[in-house]
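# Report on the structure
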Amino acid sequence: MQSASLAASAQASSFRVLGDGEPIGAAVADPGRLLDDPGEWSAFSRPLEKRPGCWESHLVIEGMHCAACALTVEDALRQVPGVAGASVSAGSRRARVVWQADAVLPSGWMEAVRRAGYRAVPANDAFASERRRQETRKALWRWAVAGLCMMQVMMYAWPAYVAAPGDLSGEMEQLLRWASWVLTLPVMLFSCGPFFSAALRDVLQRRVSMDLPVALGMAITFVVSTAGTFEPQGIFGKEVYFDSLTMFVFFLLTGRWLEQRLRERTAGALDALMNRLPDSVLRQRADGEFERVAVRRLQSGDVVRVLPGEAFPADGTVIQGETVADEALLTGESRPLRRGVGAAVIAGSHNLNTAVLVRVERTGAATRFAQIVALMEQAATSRPQLAQLVDRLARPFLIGVLLAAGGAAAYWWADDPGHALMVAVAVLVVTCPCALSLATPAAMLAAAGTLARQGVLVRRLGGLEALAQVDTVVFDKTGTLTRDAMVLQAVRTREGLSRDEALAMAVALAQQSLHPVSRALVAAAQGAGASPWLAQQVQEISGQGLSGLVNPPAGQGGGTQELRLGSQAHCGVSVAAAAGPHVVLSGAQGWLATFELGEDVRADAAATVAALQAQGIAVRILSGDAEPAVARVAGQLGILEARGGCTPQDKLAFLRSAQQQGHRVAVVGDGLNDGPALAGAHVSFAFGQAVPLAQAQADFVVLGQQLGAVAGAIRLARRTMQIVRQNLVWAVAYNAACVPLAVAGWLPAWLAGLGMAASSLLVVLNALRLAVDASHKEVI
C-alpha cells in the first residue's frame with residue numbers, strides 16, 4: 001500500500017482532471033499503471049532529443065534534510081538498471097533523473113527512492129503545496145509540545161539548581177525527577193519522531209546522515225536520565241538531564257522550522273513559476289459547449305476559455321474578448337499588457353481582467369514556458385563546485401563525529417560515566433555539519449530566485465561562481481547592444497525645404513514598403529507628428545528603392561509630384577555620401593533630401609557599459625558587422641576596444657587569447673549565432689526574447705529587453721560569493737570553536753543544541769539577505 005500511495009501522490013497533479021471520459025477512479029485504482037503508461041509520461045517527463053529513447057524527469061524529494069540525504073537518494077537512483085544519470089540538490093531538495101524507456105519504467109526508480117526512505121513526487125505536483133502545509137502544521141504541533149513540556153520540566157528542575165544543601169529532601173527530589181520523566185515522554189515519542197525514524201532508516205540501510213548523531217544524542221540523554229530516575233543510587237543517579245534534553249529538542253525544532261520557512265522563501269521564484277499552469281481548462285466542444293479537461297490533453301487548434309485570475313494554459317491567439325495579461329515572470333515585462341483579438345498570449349501568463357477565448361497554437365514542451373521551466377529545473381538540481389566538495393566531505397565528517405563522541409566518552413568515563421555520556425552527546429550535537437552543507441546552496445538558490453524575479457534565468461548555479469570573478473565582458477553588437485530596427489539620425493534638405501516636409505514626402509512612399517529603412521522613416525514621422533502626404537502608383541524595385549506619384553495634404557498648395565526614394569543611382573542624383581546607411585529623396589527638381597540612418601542603440605546600453613566599467617570590468621565589442629558600423633556604436637557607448645568583421649572562429653580565438661592572459665571573460669550575445677563564443681567563455685549570457693531557450697548555450701538567459709540585467713547579475717554574483725564565503729567561515733569557525741569546548745566538557749547538551757540550530761539558521765538568514773536586499777533596492 002505504501003508503494004501505491006507513493007504513485008498516487010506522484011501522479012496527483014497529472015490526474016486531478018482526466019478528461020476524455022476517463023474516470024478519476026481509474027487513476028486511484030491502479031496508480032502503477034498510470035506511472036508506467038507512455039501516454040502519461042509527458043505530464044512529468046520530457047524526451048531528450050540528443051539521446052533517443054531517454055527521458056528526463058524532475059522530482060521533488062520529500063523527507064530530505066542534508067547533503068548526506070542527497071547523496072543517498074542519488075546513489076539509490078543510480079543503482080537502478082536503466083537510469084542513465086541522476087543528480088540531487090540538498091539545497092533545493094530536487095532531483096533530475098535521466099532514464100531509458102526500454103530498460104526501466106518510472107515506477108521502478110520512484111520505488112528505489114521510497115526504499116531509500118524518501119518520497120519522490122513530480123516537480124509540478126499540484127498537491128505538493130497541500131502536503132507542505134500539512135507537514136508545517138505537524139512541525140508546529142511537535143514544536144508546541146516540545147515547548148510546553150520544556151517549560152514544565154524546567155519548572156521541576158529549577159529547585160535542584162537553587163536549593164541549598166538539605167533544603168530538598170530525597171523523596172522530593174525523586175518526585176521531581178519522576179514528573180520530569182513523565183513530561184519528557186511526549187517529547188521523545190512525538191516531537192522527536194522524525195529524528196528517530198530517519199536514524200532507524202540509516203541504521204537499517206547501513207549509512208550515515210545528519211539525523212543519526214542528533215537522534216543518538218537524544219536517545220543517550222534520555223536513557224541516562226531514565227536510569228538516574230529509576231535507580232538513583234546507580235552509576236547514572238547523580239544527575240538527570242531532562243531539562244537539557246527538552247530544551248535541546250525545542251531549540252532544534254525551532255531552528256529547523258524557521259530554516260524550512262526561509263528555504264521555501266529563497267526557492268519561491270522557482271515554485272511560483274513552475275506552478276503557474278492550471279490543472280485543467282475549459283475547452284470548447286464541436287457543439288459550442290465547454291467541458292473541463294486536463295491541460296495536458298490540449299492540442300493545437302483547440303479553443304479554450306480562460307477566466308479572470310487563471311493562467312493561459314498554452315501559447316495561442318485571442319479570438320474573442322480583450323483583457324490584460326501579466327507576463328512578468330516569463331518575459332521580464334513588469335507592466336501588465338493589453339491582449340485583444342489577434343494578440344498572442346503565452347502559456348504561464350495570467351489573465352487579469354476578463355474571460356477570453358484563445359485558439360491553442362503550441363502546447364507542452366513546444367511552449368516558451370516549458371523551456372523556461374526546463375532551464376530553472378536544471379539550475380535547481382545543479383550543484384556548484386563548493387557545494388560538491390562539501391557534499392563529498394559530509395559522510396566522512398559524520399563518521400568522524402561519531403568517533404570523536406566515542407573517544408570523548410571513553411576519556412571521561414573513569415571520572416563520571418553520566419558526565420562522560422553527556423559530553424559525548426554535546427559532541428554529537430554541536431558538530432552536526434548542517435550549517436556547512438547549507439552554506440553554499442542556500443546563498444546560490446537565493447540569488448537564483450532573485451535573478452528569476454528580475455527576468456534573468458540561471459541555467460547552472462556554478463555560473464554564479466564564475467560570474468563573480470569576471471574582469472572582462474565581451475558584447476556582440478547586433479541584437480545585443482543595438483535593436484534589430486534602424487532609426488533616423490539626421491536629415492539634410494535642399495534650400496527652401498523643411499525637415500518635416502521632406503520627411504512627410506518620403507513617408508508617403510515608405511509606408512508602402514516593409515523594408516527596414518522604410519519602417520524607420522515611418523516611425524520617425526509618427527514621432528514628429530508630420531502631416532501625411534498621399535501616394536499613388538507606388539512601385540518598389542528590390543535593392544534600389546521606391547517611386548510613385550505624391551500629393552500634398554488637403555489645404556496645402558502644390559500639385560502632384562513624381563518622387564523617388566532610395567539609392568543615389570535609383571534617384572538619378574549625385575550628392576556627397578553620408579558616412580553610414582542613408583537614402584535620398586529626389587523629384588523633378590533633382591535632389592531633395594538625404595536621410596541618414598543608424599542602428600538603434602538600446603536606451604540603457606550606455607548606462608550598462610558605464611556600470612560595468614565602474615565595477616572595474618573591461619568592456620569589448622566583437623561583431624560580424626562592418627568595422628565602421630562597429631566603431632560608431634563603440635564611440636556612442638564609450639567602449640575603447642571594438643572589432644568588426646569577426647567570424648565565430650575569430651571571436652573564439654580572441655576569447656582563448658584573453659583567457660591565456662589570465663582574464664575571466666563573460667560573453668553577452670543573442671544566442672543565435674554566438675554559439676561557439678558562448679560555449680568558450682568562462683560565463684555567458686543569451687540576450688533577447690528570440691533566443692531558442694532549449695538550444696541556448698548560455699549560463700544565463702535574459703528574458704526581457706533590459707541590458708542592465710547583465711551588470712546587475714554581476715553585482716549580485718559578487719555579493720552572493722561574498723555571502724557564501726561568510727557562511728563557510730562562520731560554519732568552520734563555529735565547529736572549530738565548539739568542538740574543543742564540547743570535548744572538554746564545558747558545553748552542556750542544551751547549549752550545543754542551541755548552537756547547532758542557531759548556526760544553520762544564521763546561514764540561511766545570511767543567504768536571505770540577497771532576496772531582501774533586492775526587494776528594497778533595485779538590483780538589476
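Right, let's walk through the structure included here.

Right, let's talk about the overall build of the chain for a bit. Secondary structure summary: the chain contains 26 helices and 27 strands in total. The buried share of the chain, reckoned over its 780 residues, is 52%. Nonlocal contacts in the chain, meaning residues at least 24 apart in sequence, comprise 68% of its contacts between residues at least 6 apart. Carbon and sulfur atoms form 57% of the exposed surface of the chain, whose accessible area is close to 33,500 Å².

Residues Trp158, Tyr161 and Val162 make up a contiguous nonpolar surface patch of roughly 370 Å² in combined accessible area. Mapped onto the elements, tryptophan 158 comes out in helix α6 (residues 128–162).

On to the sheet that holds strand β10 (residues 323–326). Strand order across the open sheet formed by three strands is β11-β10-β13, with antiparallel pairing between neighbours. Strand pairing shows two members of the sheet lacking a second neighbour, β11 (337–339) and β13 (350–351), which therefore form its edges. Direction of pairing for β10 relative to β11: antiparallel, over a ladder of three bridges. Bridge assignment links alanine 325 to a residue of β11, and that residue is leucine 337.

With that settled, consider the packing of aromatic side chains. Within this structure, the stated rule accounts for 11 aromatic pairs. Taken together, a centroid distance of 6.2 Å and an interplanar angle of 25 degrees make the contact between tryptophan 55 and tryptophan 99 stacked. Residue tryptophan 55 is located in strand β2 (residues 54–62), and its partner tryptophan 99 is located in strand β4 (residues 94–100); the two are separated by 44 residues in the primary sequence. Sitting over the ring of tyrosine 118, arginine 201 keeps its end group 4.2 Å from the ring centre. Positioned over the ring face of phenylalanine 290 is arginine 305, at 4.1 Å from the centre of the ring.

Look at helix α9 (residues 211–230): 28 Å from first C-alpha to last across 20 residues, which is about the 28 Å you get at 1.5 Å a residue. Of all 20 residues making up α9, 14 are buried, and the element is well covered by its neighbours.

Here we have seven strands laid out as an open sheet, ordered β15-β27-β26-β25-β16-β23-β24, and mixed in their pairing. Unpaired on one side and paired on the other, β15 (456–458) and β24 (641–643) mark the two borders of the sheet. Ignoring which end each strand starts from, the neighbouring axes of this sheet average 20 degrees apart. Examined bridge by bridge, β15 and strand β27 (residues 700–702) share three bridges and lie antiparallel to one another. Within the sheet, the bridge partner assigned to valine 456 lies in β27 and is valine 702. The sheet contacts of helix α22 (residues 627–637) involve β23 (618–622) and β24, and relative to β24 the element is tilted by about 155 degrees. Lying over the sheet, helix α23 (residues 648–660) contacts β16 (472–475), β23, β24 and β25 (665–669), oriented at roughly 160 degrees with respect to β25.

What counts as what
Residues numbered from 1 in each chain as written. Predicted model: local features only at pLDDT ≥ 70, side-chain atom pairs only at ≥ 80, totals over all residues. Heavy atoms only, no water. Helix = DSSP H or I, 4+ residues; strand = E, 2+ residues; numbered from the N terminus. Buried < 20%, exposed > 50% of the residue type's maximum accessible area, 1.4 Å probe, protein only. Contact = heavy atoms within 4.5 Å. Areas by Shrake-Rupley, 256 points an atom, 1.4 Å probe, with all protein chains shown as cover. Patch = residues over 30% accessible without salt bridge, like charges linked within 9 Å, V, L, I, M, F, W, Y side chains within 5 Å. Salt bridge = Lys/Arg side-chain N within 4 Å of Asp/Glu carboxyl O. Pairing = 2+ DSSP bridges. Phe/Tyr/Trp six-rings, centres within 6.5 Å; stacked < 30°, edge-to-face > 60°. Lys NZ or Arg CZ within 6 Å of the ring centre and 35° of its normal. Expected span 1.5 Å × (residues − 1). Axes fitted to C-alpha atoms, helices over the stretch in contact; angles between N-to-C directions.

Limitation: the analysis is restricted to geometry and does not speak to function.
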